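Architecture and fold: a report
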Amino acid sequence: MRPRRFLPSVSQLSAFESVLRTGSTAAAARDMNLAQGTVSRLVQSLEGQLGRALFVRRNQRLVATPAALAYGREVTRALDILQRASVDLASNPDGGALSLAILPAFGTRWLSPRLSRFLVKHPGVSIHLGTRLKRFDFDAEAFDAAIHFGHDDWPETERMELFKEGLTACVAPDLLARTPIQCLEDMKKLPLLRIETRPTAWRTWFEAQGAPPPAITGMLFDQFAPMTQAAIYGLGVALLPHYLAEAEIAEGRLVPLFRQAVPGSGSYWLVWPRSRPPSPALIALLEWLRSEIGGQT
């Protein structure tokens, strides 16, 4: 049984969160479309219920106490979870909603073109996608699972390997015509574009081709999409995951150099928190991904 003192109402918590975010009861009243006095009473009742002040008044402003700031982070997360659950129920009353964090390039170029097959097979499942470039705390973010690149070492998660990454060096046809590449030594003539998340990728690629890597001094990018476009516009050679390079090569916008799909330094993984049992929607996604990636890379 939950003690009533430590289970405030949603109205109290919403008023507190709004005052914390906006800095005043007047601004919170506009934010919540309530009377200012109502917001003040809700915050005061929350303070009375908790037995401590959450704000102090300084120069006509409400300033949150350090304890209130810490409490506010948890309240905001809890309200976000409640809001997401309500949206899921309204949009899919039969259940089966799944929030999935994805890498931008992977989501756009690998997952999205295939996702319609999953939804046809599982029409009762609603999938919500959000992009994340780095690992995060599942307890602090409202995601049921995530797709990430790297190794089998995301703490406190269960995981399934999707496929290992292969790397293909690509260059624009016009740039290649102006600067022919006949051997690996010729690669020094062109800028080698870099990506932040794969600092050793070029070294791995050159070693797989049987040559030591040169000094890598090309432009640095934080995502594959702008790096791919830079290569298409002739700004240098892009080292791309093979699944990204295939479409550009097939369309003639990029030309592959030397051995393709060189084994990279990691894999793509689906991970989910160990602290929560997988939902039926997540189990359905796991089964579908196993069938989708069977026999392909």
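Computed from a prediction, not measured in an experiment: that's the story for all the values here. (Residues numbered from 1 in each chain as written. Predicted model: local features only at pLDDT ≥ 70, side-chain atom pairs only at ≥ 80, totals over all residues. Heavy atoms only, no water.)

**Some remarks on the sheet that holds strand 9 (residues 238-241)**
On the basis of which strands lie adjacent, the open sheet formed by 6 strands has the order 4-3-5-10-6-9 and mixed pairing. Each having just a single partner strand, strand 4 (126-131) and strand 9 make up the two edges of the open sheet. Strand-to-strand twist of the sheet, defined as the mean angle between neighbouring strand axes without regard to direction, takes the value 25°. With 5 bridges connecting them, strand 5 (residues 145-150) and strand 10 (residues 255-273) associate as antiparallel partners. Within the sheet, the bridge partner assigned to Ile 147 lies in strand 10 and is Leu 270. (Pairing = 2+ DSSP bridges. Helix = DSSP H or I, 4+ residues; strand = E, 2+ residues; numbered from the N terminus. Axes fitted to C-alpha atoms, helices over the stretch in contact; angles between N-to-C directions.)

**Thoughts on helix 8 (residues 224-232)**
When we look at burial in helix 8, the residues that qualify are Phe 224, Met 227, Thr 228, Ala 230, Ala 231 and Ile 232. Where helix 8 is buried, its residues touch helix 5 (104-121), strand 7 (194-195), strand 8 (220-221), strand 9 and helix 9 (242-250). Looking at the residues trailing helix 8, positive phi occurs at Gly 234, about 85°. (Buried < 20%, exposed > 50% of the residue type's maximum accessible area, 1.4 Å probe, protein only. Contact = heavy atoms within 4.5 Å.)

**Concerning the pattern of salt bridges**
Applying the stated rule across the entire model yields 16 salt bridges. Taking the shortest distance from any N to any O, the salt bridge between Glu 292 and Arg 117 comes out at 2.2 Å. Residue Glu 292 is located in helix 10 (residues 280-293), and its partner Arg 117 is located in helix 5; the two are separated by 175 residues in the primary sequence. Overall, the relative accessible area of 43% leaves Arg 117 in the partly exposed class. Close ionic contact of Glu 248 with Arg 253 constitutes a salt bridge, the shortest N to O distance being 2.7 Å. The class of Arg 253 is partly exposed, set by a relative accessible area of 35%. (Salt bridge = Lys/Arg side-chain N within 4 Å of Asp/Glu carboxyl O.)

**So, helix 5**
Between its first and last C-alpha, helix 5 extends 24 Å over 18 residues, near the 26 Å set by a 1.5 Å rise per residue. Most pronounced at Leu 111, the bend in helix 5 amounts to some 55°, and the proline Pro 113 follows within four residues. The complete set of buried residues in helix 5 reads Pro 104, Ala 105, Phe 106, Gly 107, Trp 110, Leu 111, Arg 114, Leu 115 and Phe 118. (Expected span 1.5 Å × (residues − 1). Bend = angle between axes of the 7 residues up to and from the residue.)

**Observations concerning the pairing of strand 2 (residues 61-64)**
Because side chains alternate across strand 2, one face comprises the buried residues Leu 62 and Ala 64, and the other comprises Arg 61 and Val 63, none of which is buried. Bridge count for strand 1 (residues 55-58) against strand 2 is 4 bridges, and the pairing is antiparallel. Within strand 2, the position partnered with Phe 55 by the bridge is Ala 64. What sits between the antiparallel neighbours strand 1 and strand 2 is a turn of 2 residues, in which Asn 59 has the positive phi angle 50°.

**Let's talk about the UniProt feature "domain: HTH lysR-type" (unreviewed entry) in the protein chain**
Feature annotation in UniProt places "domain: HTH lysR-type" (unreviewed entry) on residues 8-65, given in this structure's numbering. Helix and strand shares over residues 8-65 are 62% and 14% respectively, and the end C-alpha atoms of the span are 19 Å apart. (UniProt positions renumbered as here; feature names shortened; annotations may be inferred.)

**A look at the packing of aromatic side chains**
Enumeration according to the criterion identifies 20 aromatic pairs in this entry. Taken together, the ring pairs in this structure connect Phe 106, Trp 110, Phe 149, Phe 163, Tyr 243 and Tyr 268 into an aromatic cluster. (Phe/Tyr/Trp six-rings, centres within 6.5 Å; stacked < 30°, edge-to-face > 60°.)

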